[in-house]
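Observations on chain architecture
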Amino acid sequence: MATQAMVTVEGLNKRFQNHRVIDNLSFRIGYGERMAIFAPSGAGKSTLIKILTGVEKADSGRILLTNVEPVTLFQEPRLFPFLTVQENIFMPFKVKRAIITTDVQNRYRDWLEVCELTGFSTHYPYQLSGGMRQKVALIRGFLGEPSFVMLDEPFQSINSLAKQDIIAHILKTAPKISILLVTHIPEEIPWLVQTVLYFQNPCLRNPEWLNVEQLQQKLGRSTSFFNTIESNPSFA
Amino acid sequence: MKNPQNFIISLRNEAAGVVLIIAAWVAVSLFYPPYVIPSPLAVVSNIPAYLPENFTQHLAATVYRAGVGFGLAYLGGTFLGILAFANKWVQPLNSLMLALQVLPGVILGVIFLLMFGIGSATPILLVAFLTLPTIAINTVNGLAKKNLALEEYLVSIKCSPIGIARYIYFPALIPVLESNFSLGLSLAIKVVVLGEFIGTQDGLGYLLNNARITFNMKEVFFYLVILLGITLVFQAIQSTIVSIFFRKYYYAAE
């Protein structure tokens, strides 16, 4: 039985001058559903995320978000260079004037531990590596326990083992979270999502709906990351 | 005790600049007779001969005029720059300010002299009018370099316009305000001298003009050194304030 739609996208179109990046795209994401958009580089994946976030306008089409305040994790960490790690992570709380409860502080400490950032709270972004910055951005996105998160290739600079620990922590702490993962790296897909919108061309048009097994077959089972996922007890 | 350290570092940097200027001055003075370019030693050794009794009053008058004129230009130019940026008047403002910059200072000084007579008004207004365009252009161009990626992030978390001003525009303004101070102040010191040439009977510009008329080059160089000293002291104070209170706004972005 289909779940109720949290996000509905209908007939979305976007072009930059003569280059069409999104062509009549339609899909829906239900409550608790975790979906990936898998497409080659330059296919308009980040543009789609920006449109869904509201920082970019579509040429035409309809987007409906039902009872949800999405959190977006952009491709780059987008940390404030003049704020410390802790100040950056608590930025959404500050913006919303939300109280930082003991529970939030406990979650913050857990996240720091998972991301191996304990002891870096007072560091500034320029004092961190690229991977550490991305982890800070991930903590900032997930700390407020959002019901829907859009992830635009947020694990790029993070090594494979750390990536697995972080994804396991996300699924452990928020098993009912809805996710839209945009990526061109197949490794992350089976770890995090259940369904895949698969695009072959460098434009978001005519997607194939696949589950993880179908994607594995499409890309070939010999690929090492699928072996990793099968041998990793965190995802069993 | 970080603050005195910062001040000492600022002074040390300024001192290095002064040493370079003096070295160049010494080198050039070797090729010219003292009545054209006197050496630093010749200038210093003759100080008692040309130091007027009421020197401190002249010094205070110049500092006051440069300070008030620069203050007006700083506030007015920054306000105008912010206003132009907010209302998307960047191009018209740039054109207007460039047109103002073309105005010859001497002509403007004479106009102010005829309008307000001899006194502080001429140098103050001259400083304000000639420094304001640089500051306004600098402000509007600096604000245009705001961090768009961070602004998008704040929009994505539904940050209020006040929050965006606080986390995007204010940090973008800090380096602009600092460079406005550096650029504007050195320009103000130069212009106040011109204003005092034209429209006053006191101040370092007036003394410098008298020395220039009689070709007393040692005295001319003495006042130039004093003006350089004033600029350097203000720059050192400014660097110290920035390094104590605003250093984090200069940390590298990703």
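Residues numbered from 1 in each chain as written. Chains lettered and ligands numbered in written order. Predicted model: local features only at pLDDT ≥ 70, side-chain atom pairs only at ≥ 80, totals over all residues.

1. Some words on the confidence of the model for chain A
Residue and element names in this part refer to chain A. We apply this condition: Every residue gets a pLDDT, meaning the predictor's confidence in that residue, from 0 to 100. A run of H or I in DSSP counts as a helix once it spans at least four residues, and a run of E counts as a strand once it spans at least two, with each numbered from the N terminus. Contact between two residues is assigned whenever their backbone-derived C-beta positions fall within 7 Å.
For chain A, the average pLDDT comes to 87, and 92% of its residues sit at 70 or higher. Predicted confidence in chain A is weakest over helix α9 (residues 224-231), with a mean pLDDT of 48, and strongest over helix α2 (residues 85-89), with 97. In the predicted structure, residues 225-236 sits below a pLDDT of 50 and forms 12 contacts with residues beyond four places in sequence or in another chain.

2. Focus: the environment of G142(B)
With respect to the helices, strands and loops of the structure, G142(B) is situated in helix α7 (residues 121-143). Taking the C-alpha atoms as reference points, G142(B) and L208(B), 66 residues apart in sequence, are found 36 Å from one another.

3. Details of the pairing of strand β6 (residues 148-152) of chain A
All names here are of chain A. Quick note on the threshold: To assign burial, the other C-beta atoms lying within 10 Å of each residue's own C-beta are counted, with C-beta atoms placed from the backbone; 20 or more indicates buried, 12 or fewer indicates exposed, and intermediate counts indicate partly exposed. Pairs of strands are assigned from DSSP output, requiring at least two bridges between the strands. Crossovers are marked right-handed if the path from the first strand over the helix to the second runs clockwise, as seen with the strands pointing away from the viewer.
Most of β6 is tucked away, with 5 of its 5 residues classed as buried. Along β6, one buried face is formed by F148, M150 and D152 and the opposite face, lined by V149 and L151, is buried too. Strand direction decides the pairing type here: strand β5 (residues 71-73) and β6, joined by 3 bridges, are parallel. Residue pairing for β6: V71 is matched across the bridge by V149. Here β6 runs beside strand β7 (residues 178-183); their pairing, made up of 5 bridges, is parallel. The partner of F148 across the bridge, within β7, is S178. This β-α-β element, β6 to helix α6 (residues 160-173) to β7, shows right-handed connectivity.

4. Some points on the sheet that holds strand β8 (residues 195-198) of chain A
Residue and element names in this part refer to chain A. The cut-off we apply is this: Orientation is described by lines fitted to C-alpha atoms, with helices fitted over the stretch in contact, and by angles between N-to-C directions that extend from 0 to 180 degrees.
Pairing is mixed across the open sheet formed by 6 strands, whose spatial order is β5-β6-β7-β3-β8-β9. The sheet terminates laterally at β5 and β9 (208-211), the two strands that pair on one side only. Taken pair by pair, the neighbouring strands of this sheet meet at an average axis angle of 20°, ignoring direction. In this structure, strand β3 (residues 34-38) lies alongside β7, joined through 5 bridges in parallel fashion. Bridge pairing in β7 places F38 opposite T183. Contacts from helix α8 (residues 212-219) reach β3, β8 and β9 within the one sheet, and its direction differs from that of β9 by about 105°.

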